[in-house]
Amino acid sequence: NGTQDDAVNTNLQQAGFGSSATADTLKAQLETEFNSMIASVEKYGGFYIGRYETGNLKEAEAVVVKNNSDINNQTWYTMYNKSKGVAVSSNVTTSMIWGCQWDAVMRWMWNQGGDKKTYTYDSTGKGNYSGPRKATGSDPEYAVNNIYDMAGNISDWTIEADGTSYRVL
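Conventions we followed
- Residues numbered from 1 in each chain as written.
- Predicted model: local features only at pLDDT ≥ 70, side-chain atom pairs only at ≥ 80, totals over all residues.
- Heavy atoms only, no water.
- Helix = DSSP H or I, 4+ residues; strand = E, 2+ residues; numbered from the N terminus.
- Rg over C-alpha atoms; globule rule 2.2 N^0.38 Å.
- Buried < 20%, exposed > 50% of the residue type's maximum accessible area, 1.4 Å probe, protein only.
- Contact = heavy atoms within 4.5 Å.
- Lys, Arg positive; Asp, Glu negative; His and termini not counted.
- Charge placed at Lys NZ, Arg CZ, Asp CG, Glu CD.

**Student:** I'd like a description of the overall build of the protein, backed by residues and values.
**Tutor:** Helices and strands together make up the secondary structure of the protein, namely five helices and eight strands. Along the protein, helices and strands appear, N-terminal first, in the series α-α-β-β-α-α-α-β-β-β-β-β-β. Whereas a compact globule of 169 residues would reach a radius of gyration of roughly 15 Å, the protein reaches 16 Å, a difference of no more than 12%. Along the longest, intermediate and shortest principal axes, the C-alpha atoms of the protein span 50 × 35 × 35 Å. Residue burial in the protein is summarised as follows: out of 169 residues, 34% are buried. Here the analysis covers contacts within the protein between residues at least 6 apart in sequence; of these, 52% occur between residues at least 24 apart. Taking the 14 positively charged and 19 negatively charged side chains of the protein as two groups, their mean positions are separated by 5 Å.

So this is what it looks like as structure tokens:
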């Protein structure tokens, strides 16, 4: 649905759009990307989540790599743009996670039972909730199904909006 901030041209430029872009430009792009993601999931039977948080954010090209500490303090618009350029092979499309993908991961973990199921409603011990931020993937206790830092450490943007006022963390 977009947010009020989507009409601010400097935000759209941070997101990688030209100076003539509007909120409708972003909305159309997001609809195209969502439809492409759905088609990809149907074609390949699923999707991947980066094992580590997106980092290297002060550089031109973001990465998903263990022990990266440059992982925070970005606007949604900058992260939207950076997530598209994560260094991967040419046949892979990258983006921030969609809310429906997050929900699918939680349903999958719930259905697996055991520690994965517990994580979906109690992530105690699976994230850094106090103290200084840690480098991504630096604590093996924070891994769930070999994906690190899904709980705690920092807030991660999702690609979606919550109504017309806020992006979803």
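Now that the structure is up, let's keep going.
**Student:** Describe helix α3 (residues 76-84), and please don't skip the residues or the numbers.
**Tutor:** Owing to its 3.6 residues per turn, the α-helix aligns residues three or four sequence positions apart on the same side. Judged by how many residues are buried, α3 sits mostly within the fold: seven of nine residues are covered. Buried within α3 we find W76, Y77, T78, M79, Y80, K82 and S83. Packing partners of the buried residues in α3 comprise α1 (9-14), α2 (23-44), β1 (54-55) and β8 (166-167).

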